[in-house]
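Spelled out, the chains give:
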Amino acid sequence: MCHHAPVPGRRTLIAVAAALSPFLPGTVASAPALADPISATVTTRLIGQSMPGGFLGVSFEYRAVHQYTGRDPRAVDPVLVNLLRGMTPSGTPVVRIGGDSTDGTWWPIPGTHAPGGIYYPLNAGWMRTTRALAADLRAKLILGINLEAGRPAIAAAEGRALLHGIGSRYIQALEIGNEPDLYGVFPWYRDRRGHLHRSRGRRYGLKDYTKEFSHWSKRLPRLPLAGPATSGPAWMSGLGRFISAERGLKLVTYHRYPLRACVTDPSATGYPTIPSLLADSSSSTLARGVTRLAAVAHAHHRPLRLTELNSASCQGAAGVSDTFASALWALDTLFNLEGAGVDGVNFHMLPGSHYELFSPAQTPSGQWQADVHPEYYGLLMFARAFPAGARRLKVGSPGGPVKIWATQDRAGTVRVTVINKDTANAHTVTVSVPGPTQSASLETLQAPSAGSTSGVTLGGQTFGAETSTGTLPGPPQTSPVAPGPGGYTIQVPAASAALLTAPSGAGGTPLARHR
């Protein structure tokens, strides 16, 4: 979302308000108080659909792929592969390649000069490496197609090259354009004389995009198409008409960032702080804004995927996007988005950004390693808490900074996730789970504080300063929790999360019997 735009100052505007909080960013009291106890009841009511295997994915820029994979298709960065597999332990990973570079990329056409806004040429080496990544992961790719250049021939050549170089077995969809709702707002590029050039007029709208989408689709290979990949809600009131007009559209895509790192006024809406990131406006409110879009997409028998999501646009905010608070935000937001009907999410990342999930690097000897950032731990906990095939269980709990979610898998195992976004107080939480009660296991997601950029542990395990494997060093460390008269009682420290797993028999009837 306007991360590496060729024009300085091109930024995406996100109209999601960030609520104020009484807590100072990144602080935790030296002796956190124990707040009033919280009680929650997990019911037997299954809600939502079964979790698809490729729900959680990542999004890369075209020109960043080699920085993550390396350039040897015979030896794709194994640390990267393991880190991506960790997010999708079962099922087919979905990797989106696009972002700003969608409209700055092309497959060179002999005898044709690249338009001014194109800065990254694809080649056979890029194709081989990307295909190798998809093969190693057994992944499906969503690939951006240049729309902003305004030349169907460029899109057609790019589409043919992607099909030939990567293969249809690894391509889920071609996503036409990137945030076209901003084409008439921000310049596409600046020429050598310093003049700014726009790709579309200021009145460019969804109707214009729909016509171009139809034109481009006729020139592209017969592959599933994705769109409209918009940055905000302005165009989405016409989503139903857009879907109806485009038979080739198989995937509805949308982008969301709750905060804006390019905002410099602390009093402005969207200014990034830890309190604003942990506020409900950045998670549950953000998800509610997507609920109607998911319903429209599903009414037309199309899935809705957020192909770009992260904490703050403009490459994230230092001291916010790179802190442990982002892990708690991501964990809660993913549950909220699934509850809103979203069918999949891709966390956008690029080298050097503050919201980068992990930073791979190759040593002089050729050894790959990676620095794993706090947010990634939140995604790992979500993958554990909501495995493929599981469904959500309705939870009755009071409001406030402590969020409680529950799932049940096909074997009947119930997993309860407790997220304490209160940065000052620990909370005692009692969870009542239906059915016969027996000892459950507990693992935690913790860091020294919400503002920590290191020292994160999940189930007592950590990647440390760097990982050379991309996997945690051992199985999670868990502690037993015996049921009491009111259920399972646990203490959740300030700015932390806990995953309570009640085995089959503690949570009632297996899923198959509910259908």
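Residues numbered from 1 in each chain as written. Predicted model: local features only at pLDDT ≥ 70, side-chain atom pairs only at ≥ 80, totals over all residues. Heavy atoms only, no water.

## Let's talk about the pairing of strand 20 (residues 402-408)
Here comes step 1: Of all seven residues making up strand 20, seven are buried, and the element is well covered by its neighbours.
Here comes step 2: By the alternation rule, side chains of strand 20 split into V402, I404, A406 and Q408 and K403, W405 and T407, which are all buried.
Here comes step 3: Where strand 19 (residues 391-396) meets strand 20, three bridges bridge the pair, whose relative direction is antiparallel. Bridging across to strand 20, L393 finds its partner in A406.
Here comes step 4: Between strand 19 and strand 20, which pair antiparallel and follow one another directly, the connecting turn spans five residues, one of which, G400, has a positive phi of 125 degrees. (Buried < 20%, exposed > 50% of the residue type's maximum accessible area, 1.4 Å probe, protein only. Helix = DSSP H or I, 4+ residues; strand = E, 2+ residues; numbered from the N terminus. Pairing = 2+ DSSP bridges.)

## Points about the packing of helix 9 (residues 324-339) against helix 10 (residues 374-385)
Here comes step 1: For the pair helix 9 and helix 10, interaxial distance at closest approach is 7 Å and the crossing angle is 30 degrees. Judged by the angle between their axes, helix 9 and helix 10 are roughly parallel. As for how helix 9 packs across helix 10, the hand of that crossing is right-handed. Seen from helix 9, the contacting residues are F324, S326, A327, W329, A330, L331, L334 and F335; seen from helix 10, they are P374, E375, G378, L379, M381, F382 and A385. (Axes fitted to C-alpha atoms, helices over the stretch in contact; angles between N-to-C directions. Parallel < 35°, antiparallel > 145°, perpendicular 65-115°, else oblique. Left-handed = near helix turned anticlockwise from the far one by under 90°. Contact = heavy atoms within 4.5 Å.)

## Things to note about the sheet that holds strand 8 (residues 171-176)
Here comes step 1: If you trace the eight strands once around the closed barrel, you get 3-4-7-8-11-12-14-16, paired in parallel fashion. On average, each strand axis in the sheet is tilted by 25 degrees relative to the strand beside it, whichever way the strands run.
Here comes step 2: Note that strand 3 (residues 56-61) and strand 4 (residues 94-98) share four bridges and pair parallel. Within strand 4, the position partnered with F60 by the bridge is I97.

## A few points about the confidence of the model for the protein chain
Here comes step 1: Of all residues in the protein chain, 91% have pLDDT values of 70 or greater, and the mean over the chain is 91.
Here comes step 2: Within the model, pLDDT remains below 50 along residues 1-31, and this stretch shows 102 contacts once partners closer than five positions in the same chain are excluded.
Here comes step 3: Low confidence marks residues 511-515, where pLDDT is under 50. Its contacts with residues over four positions away, or in another chain, come to 14 contacts. (pLDDT = per-residue confidence, 0-100.)

## Looking at the side chain of T230
Here comes step 1: Mapped onto the secondary structure, T230 falls in strand 11 (residues 225-230).
Here comes step 2: A relative accessible area of 0% means that T230 is categorised as buried.
Here comes step 3: Discounting chain neighbours no more than four positions away, the residues touching T230 are E179, D181, W235, M236, T253, Y254 and H255.

## Considering the pattern of salt bridges
Here comes step 1: Taken as a whole and assessed by the stated rule, the structure comprises nine salt bridges.
Here comes step 2: For R392, the salt bridge goes to E338, with nearest N and O atoms at 2.4 Å. You can see R392 sitting in strand 19 and its partner E338 sitting in helix 9, a full 54 residues away along the chain. The two residues R392 and E338 agree in class, both being buried.
Here comes step 3: One network of salt bridges, in which partners are shared, links R96, E175 and E308. (Salt bridge = Lys/Arg side-chain N within 4 Å of Asp/Glu carboxyl O.)

## Overview of the packing of helix 3 (residues 124-137) against helix 4 (residues 152-166)
Here comes step 1: The contact between helix 3 and helix 4 brings their axes to 9 Å, and the two run at 55 degrees. Here helix 4 runs oblique to helix 3, going by the angle between their axes. The handedness of the crossing between helix 3 and helix 4 comes out as right-handed. In this structure, helix 3 contributes W126, M127, T130 and R131 to the contact, and helix 4 contributes A161, L162, G165 and I166.
Here comes step 2: Among the residues making up the contact of helix 3 with helix 4, the classes are represented as five nonpolar, two polar and one charged. (Nonpolar A, V, L, I, M, F, W, Y, C, P; charged D, E, K, R; others polar.)

## What about unusual backbone geometry?
Here comes step 1: Following G227, the chain continues into P228 via a peptide bond in cis, with omega recorded as 5 degrees.
Here comes step 2: In this fold, P228 is placed in strand 11.
Here comes step 3: The backbone of Q315 shows a phi angle near 70 degrees, a positive value even though the residue is not glycine.
Here comes step 4: Inspection of the secondary structure puts Q315 in the loop between strand 15 (312-313) and helix 9.

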